[in-house]
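Working through the structure, step by step
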Amino acid sequence: MPLEIVRNDITRMDVDAIVNAANTSLKMGGGVCGAIFRTAGIDELQEACDKIGGCRIGQAVITDGFNLDAKFIIHTPGPIWQGGSNQEADLLKASYYNSLELAKNYQCESVAFPLISTGIYGYPKEEALQIAVSTISSFLLHHDMLVYLVVFDKKSFVLSKKLFTSINQYIDQHYVEEAERTFNGIRRKERYVMEQVKEVEIPHPDLYAEADHSLVNLLNQLDESFSERLFRLIDEKGTTDVETYKRANIDRRLFSKIRNESDYTPKKKTAIAFAIALKLNLEETIELLAAAGYTLSHSSKFDIIIEFFIKQANYNIHELNEALFVFDQPLLGI
Ligand code: AR6
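Summary of the structure given here. (Residues numbered from 1 in each chain as written. Predicted model: local features only at pLDDT ≥ 70, side-chain atom pairs only at ≥ 80, totals over all residues. Heavy atoms only, no water.)

This part takes up the site of the ligand. Neighbouring the ligand are 22 residues; Asn23, Val32, Ser117, Thr118 and Ile120 lie closest to it. Between a nitrogen atom of the ligand and a main-chain N or O atom of isoleucine 10, the distance comes to 2.9 Å. Valine 32 is positioned with one of its backbone polar atoms (N or O) 2.7 Å from an oxygen atom of the ligand. Summarising the interface, the protein chains cover 91% of the accessible area of the ligand, which totals 700 Å² for the free molecule. Elements that contribute at least two residues to the shell around the ligand include exactly β2 (17-22) and α1 (31-40). Here the residues of the shell around the ligand sort into 11 nonpolar, 8 polar and 3 charged. (Near = heavy atom within 4 Å. Polar contact = N/O pair within 3.5 Å; in protein donor to acceptor, adjacent residues only side chain to side chain. Areas by Shrake-Rupley, 256 points an atom, 1.4 Å probe, with all protein chains shown as cover. Helix = DSSP H or I, 4+ residues; strand = E, 2+ residues; numbered from the N terminus. Nonpolar A, V, L, I, M, F, W, Y, C, P; charged D, E, K, R; others polar.)

This is how it looks when you write it as structure tokens:
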């Protein structure tokens, strides 16, 4: 799990680096800073900080962890809350971001943050937590690191738990989208080449009537893609994305791939699962399948079972899957 919110004393965290909510002169202070200095060893840590000399708000510097379990301490002075119109949000974001970058540069695999600025510096906890979580989760979309957000008091912990669920979903979703984007980028190129070959070899006869037979013109005649058609149907049926992928028995992450790639080509069983979820009639089902390059045929047991259910207007995907299972056919959805 890349971002975990825990309730703990940060000095007890067994991680590669802990982050100190520091001041710009890097002197021992109160709050989490005082606790870190006391556990690490006041003299050694102060000496190391004095060698660095200081740090600007939103920037980050690193020292040894001395007597802490953590190998390193990353010191970042967060902004002092002044009502919100003095770039506090940007500076707080910078504190998290620059600390993470520094941790990455020191090959840290795990880092623990306190809720920077939310004590002596007076930043409202709820807003600070949102900034912390969104900055960390955005960073984790592109980097592998285990990040703990260590909250000390009960109030922010309760809030964190609520946010925690949605943030995990955010990271999950952006991370997959990222991976798929690269994959589809490659596939898009392959498909483009295939389309050129296909279109050059067997152009649509109607298109011969056109004055200009150029490849670009031919490609402009493409119908709407599977994904475009699917999301148009979702709108037309007045349903929601969540209802659709749940009724289709489709994994949320796969659904988000399709949502983000207008030229995504699903497996046939996925395309059919959507037809079932959207309660499409036979004609509409065939149209949706065609957009992904498939059809229903009577030479296939699988297709006939699907056709049977659709004609019965039985759109219960689990019943349909039971039937497919009995007939040794692939099941719908994921
Ligand atoms: N473990 C985890 N979190 C803690 C701990 C701990 N041991 N102790 C406090 N917190 P603060 P700031 C939480 O005041 O607002 C210092 O003097 C605390 O509940 O430590 O950024 C520095 O030297 C709060 O939510 O940091 C600076 O001068 C959060 O840590 C100034 O305070 C941050 O509170 C920085 O103020």
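So that's the structure; there's more coming.
This next bit is on the packing of helix α10 (residues 268-277) against helix α12 (residues 301-311). Between α10 and α12, whose axes approach to 12 Å, the crossing angle comes to 5°. The angle between the axes of α10 and α12 places the two elements in the roughly parallel class. Residue-level inspection shows Lys268, Lys269, Ile272 and Ile276 of α10 in contact with α12, the latter providing Phe302, Asp303, Ile306 and Ile310. (Axes fitted to C-alpha atoms, helices over the stretch in contact; angles between N-to-C directions. Parallel < 35°, antiparallel > 145°, perpendicular 65-115°, else oblique. Contact = heavy atoms within 4.5 Å.)

Another point: the environment of aspartate 16. Turning to its location among the elements, aspartate 16 is positioned in the loop between β1 (3-7) and β2. Overall, aspartate 16 belongs to the buried group, its relative accessible area being 17%. Note: C-alpha distance between aspartate 16 and alanine 112 (96 residues apart in sequence) is 8.4 Å. Not counting chain neighbours up to four residues away, the residues in contact with aspartate 16 comprise Ala70, Lys71, Phe72, Gln107, Cys108, Glu109 and Ser110. (Buried < 20%, exposed > 50% of the residue type's maximum accessible area, 1.4 Å probe, protein only.)

With 16 residues, helix α4 (residues 125-140) extends 22 Å from end C-alpha to end C-alpha; this agrees with the ideal 22 Å at 1.5 Å per step. Those residues of α4 that fall on the buried side of the exposure criterion are Ala128, Leu129, Ile131, Ala132, Val133, Thr135, Ile136, Ser137, Phe139 and Leu140. (Expected span 1.5 Å × (residues − 1).)

The next subject is the packing of aromatic side chains. Working definition: an aromatic ring pair is given by the centre-to-centre distance plus the angle between the planes. In total, this model carries 9 aromatic pairs according to the counting rule given. Here the aromatic rings of tyrosine 97 and phenylalanine 139 are separated by 6.4 Å at their centres, their planes lie at 80°, and the arrangement is edge-to-face. One end of the pair, tyrosine 97, is in helix α3 (residues 88-105); the other, phenylalanine 139, is in helix α4, with 42 residues separating them in the sequence. Since its relative accessible area comes to 40%, tyrosine 97 is described here as partly exposed. Note on phenylalanine 226 and phenylalanine 274: the rings are 6.3 Å apart at their centroids and 50° apart in plane angle, and the pair reads as tilted. (Phe/Tyr/Trp six-rings, centres within 6.5 Å; stacked < 30°, edge-to-face > 60°.)

Glancing now at the pairing of strand β4 (residues 72-77). Here β4 lies mainly inside the structure; 6 of its 6 residues are buried. Here β4 shows two buried faces, one formed by Phe72, Ile74 and Thr76 and the other by Ile73, His75 and Pro77. As paired elements, β2 and β4 share 6 bridges and run parallel to each other. Each bridged residue has a counterpart across the sheet, and for alanine 17 the counterpart in β4 is phenylalanine 72. (Pairing = 2+ DSSP bridges.)

Before going further, it helps to examine the packing of helix α7 (residues 226-236) against helix α11 (residues 282-291). Between two packed helices, the angle of one axis relative to the other and the distance separating the axes together describe the packing. One can describe the packing of α7 onto α11 by two numbers: an axis separation of 8 Å at closest approach and a directional angle of 145°. As α7 runs across α11, the sense of the crossing is left-handed. Contact with α7, carried on its side by Phe226, Arg229, Leu230 and Leu233, involves Glu287, Leu288 and Ala291 of α11 and no other residues of that element. Residue composition of the contact of α7 with α11, grouped by class: 5 nonpolar, no polar and 2 charged. (Left-handed = near helix turned anticlockwise from the far one by under 90°.)

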